[in-house]
Amino acid sequence: MADAAGRIATLAEEVLGTPLPIRVRAWDHSETGPPGAPTLVIRRRRALRRLLWRPGELGLARGWVAGDLDVEGDLYEALDRLSGLLWERGPAGPPRSRLRTGLQALRDPALRTAARRLIALAGPGLPPTPPREEVRTSFGPVHSLRRDRKAISHHYDVGNDFYELVLGPSMVYSCAYWDGPDSTLEEAQRAKLDLVCRKLALKPGQRLLDVGCGWGSMVLHAAREYGVSAVGVTLSEEQAAYARKRVADQGLTDQVEIRVQDYREVPDGPYDAISSIGMAEHVGAVRYAEYTAILHGLLRPGGRLLNHQIARRPQPDEEAYHVDEFIDRYVFPDGELAPVGRTVTQLEAAGFEVRDVEAIREHYALTLRRWVANLERSWARGMRLTSPGRARVWRLYMAASALSFERNRIGVNQILAVRTPEGGASGLPLRARDWR
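For clarity, every value in this text was computed on a predicted model and none was experimentally measured.

(A) The sheet that holds strand S3 (residues 39-42), seen in detail. Judged by pairing direction, the sheet is mixed, and its 4 strands sit side by side in the order S2-S1-S3-S4 without closing on themselves. Either end of the sheet is taken by a strand with one partner, and the two such strands are strand S2 (31-32) and strand S4 (69-72). As judged from the 3 bridges shared by strand S1 (residues 23-25) and S3, these two strands associate in the parallel manner. Considered in S3, the bridge of Arg-23 is made with Thr-39.

Listed below in structure tokens is the structure:
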């Protein structure tokens, strides 16, 4: 098939109403598009069949994960250019897919010829099987204990060696806290852990609960640097095994306990402080009031909660919110984001006094770019440690997320809340942001 790239670019312009802002190279080695721009490589015709059978983000994602689609050149630039092309963004509300709307518009008689040409390019046949990295099965009601365990396992039980490659020595899988872009990732992650400890005003002999403890970095830092007794809970067996080894290697088994346990199953409050860092995104709207009530009940009067959580922009119709398909099928099954205002409201409804909200979205963009660089630097090894498809998932979602933080499409916030006693003494200094 001669000049497939030119035909694809022409059809894309007819469907989307504007020229493609990147180059295109097709399976027949034909190429077209603006010189010097990143190149979308369509390795196999079945990428078009994926898109015809599932228009929009999921069809594109399946092509990427399967290796039918690739990008040569700057991935961030390519994603930024394609985002403006494929998504309509108004002054408020979620972006709307131009691609889905455009393909539906092919029912218009004026565009039926283009539709036939696209089908001819895609080739005959049923839709290709989704990549094996896609989540296809639900396990019980959403955010039930069993289903949450399956969702967490999908994301976190992909190999500790793979996460070491991506995250670096800190093994912290949440937004770092940067003095500047010249800091190392390890310095910025240590600064974040220390910031959390200082906001919680940790002191020797106190009890700390870390909800969603990951590979144990927070509880280890708090025990080693602040002398607390710490309990970390995770639903990931692989994370727990790794964290327990770190605890033993650092001689902290008398101070730190790692449990495979849901936050709903923690029986042994009260704690003096609770950290929840990058975990609440997994809770879900149907469970969030329960989550805040449980954490409130696990704290002693006067105890502090540090809730570190990604937030989305509010929508005019909140009932219309849905998780994008790529993230739900390949990255964080059943994960949900909420506007920061709603999170503050729910914490207050549970009885907390919210004392500080620090927005740090630019810090997450820097963090994600470092993780992407780590993965790209050791790409062949990363594919061997997990699978080529999963490595492609991680590279795409982290790069796209970095751009979303940079463009203010999503944010991340540290919310400090206190279980203030009836007498009203919060225990915070008059100038709380000194964090001493």
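There is more to say after this.
(B) Layout of the sheet that holds strand S10 (residues 271-277). Taken in spatial order, the 7 strands make up an open sheet running S9-S8-S7-S10-S11-S13-S12, and their pairing is mixed. Since the sheet does not close on itself, it has two edges, and those belong to strand S9 (256-260) and strand S12 (353-359), each with one partner. Within this sheet the neighbouring strands show an average axis-to-axis angle of 15 degrees, counted without direction. As judged from the 9 bridges shared by strand S11 (residues 299-312) and strand S13 (residues 410-418), these two strands associate in the antiparallel manner. Along S13, the bridge assignment pairs Leu-305 with Ala-417. Of the strands in this sheet, strand S7 (207-211), S10 and S11 are in contact with helix H12 (residues 285-298), which crosses S11 at around 150 degrees.

(C) Focus on the pattern of salt bridges. Tallied over the full model, the rule gives 34 salt bridges. Put simply, Lys-245 and Asp-249 hold a salt bridge, and the shortest N to O gap is 2.8 Å. Taken as a pair, Lys-245 and Asp-249 lie in helix H11 (residues 237-249) at a separation of 4 residues, close to a single helical turn. Using a relative accessible area of 54% as the deciding quantity, one classes Lys-245 as exposed. Salt bridges sharing partners connect three or more residues here, namely Arg-23, Arg-25, Glu-31 and Glu-72.

(D) Expanded view of H12. Counted at 1.5 Å a residue, the expected span for H12 with its 14 residues is 20 Å, and the 20 Å between its end C-alpha atoms agrees. The complete set of buried residues in H12 reads Tyr-288, Tyr-291, Thr-292, Leu-295, His-296 and Leu-298. Down the axis of H12, the buried set is contained in an arc of 165 degrees. They therefore lie on one face. Packed against the buried residues of H12 are S7, S10, S11 and helix H14 (340-349).

How each quantity is defined
- Residues numbered from 1 in each chain as written.
- Predicted model: local features only at pLDDT ≥ 70, side-chain atom pairs only at ≥ 80, totals over all residues.
- Heavy atoms only, no water.
- Pairing = 2+ DSSP bridges.
- Helix = DSSP H or I, 4+ residues; strand = E, 2+ residues; numbered from the N terminus.
- Axes fitted to C-alpha atoms, helices over the stretch in contact; angles between N-to-C directions.
- Contact = heavy atoms within 4.5 Å.
- Salt bridge = Lys/Arg side-chain N within 4 Å of Asp/Glu carboxyl O.
- Buried < 20%, exposed > 50% of the residue type's maximum accessible area, 1.4 Å probe, protein only.
- Expected span 1.5 Å × (residues − 1).
- Arc of directions from axis to C-beta.

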